Amino acid sequence: FPAVYQPRISWALLILRLFVAVAFIQHGTGKLMHPSEFAAEFGIPVWLALLTILTQLIGGLLLILGALTPLAALGIAGTMIPATIFLIQRSEPFINPAGHSWENSAFYLMAGICLALSGAG
């Protein structure tokens, strides 16, 4: 990817990249404590849950470092595709101030795609 030379765009991408990175390190760490519960909630095998957790943790670390940003961001976005589909199929609303919704997973999916397309900034 070509480097982004406009300072404001670079700062915006840095802020987005760091926010997504910290969020996914938190998401991955939380799931790492109970991978079988995470697997059961989504109806996936434990090995796939562990792969998802590692993708979120490693992707988050790479985003903080600004290393392999497009690949890390695609990995994170890839974990959000089935999460978003799962929540939609479970009839969760797009926005629900009182409970679960698919807004967050869709936001992280779009943020991942944007970072994958733009690079680290």
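Residues numbered from 1 in each chain as written. Predicted model: local features only at pLDDT ≥ 70, side-chain atom pairs only at ≥ 80, totals over all residues. Heavy atoms only, no water.

Asker: If you had to explain the nonpolar core to someone new, which residues and values would you point to?
Answerer: As a rule of thumb, soluble globular proteins bury nonpolar side chains together. Ranked by size, the top nonpolar core spans 17 residues in total, and within it Val20, Phe24, Leu63, Met80 and Tyr108 carry the most contacts. The set of elements that each furnish at least two residues to this core consists of helix H1 (7-32), helix H4 (69-89) and helix H5 (103-118). With six residues, H4 is the single largest residue contributor to this core. When neighbours within four sequence positions are excluded, Val20 is seen to be in contact with Leu63, Ile76, Tyr108, Ala111 and Leu115. Residues Phe38, Ala39, Ile53 and Leu57 belong to the second largest nonpolar core, which totals five residues. (Core = buried A, V, L, I, M, F, W, Y, C linked by side-chain atoms within 4.5 Å. Buried < 20%, exposed > 50% of the residue type's maximum accessible area, 1.4 Å probe, protein only. Helix = DSSP H or I, 4+ residues; strand = E, 2+ residues; numbered from the N terminus. Contact = heavy atoms within 4.5 Å.)

Asker: Outline the pattern of salt bridges, listing residues and values.
Answerer: The final tally for this structure, using the stated rule, is one salt bridge. A salt bridge links Glu92 to Arg90; the shortest N-O distance between them is 3.0 Å. Under the relative-accessibility criterion, Glu92 is labelled buried at 17%. (Salt bridge = Lys/Arg side-chain N within 4 Å of Asp/Glu carboxyl O.)

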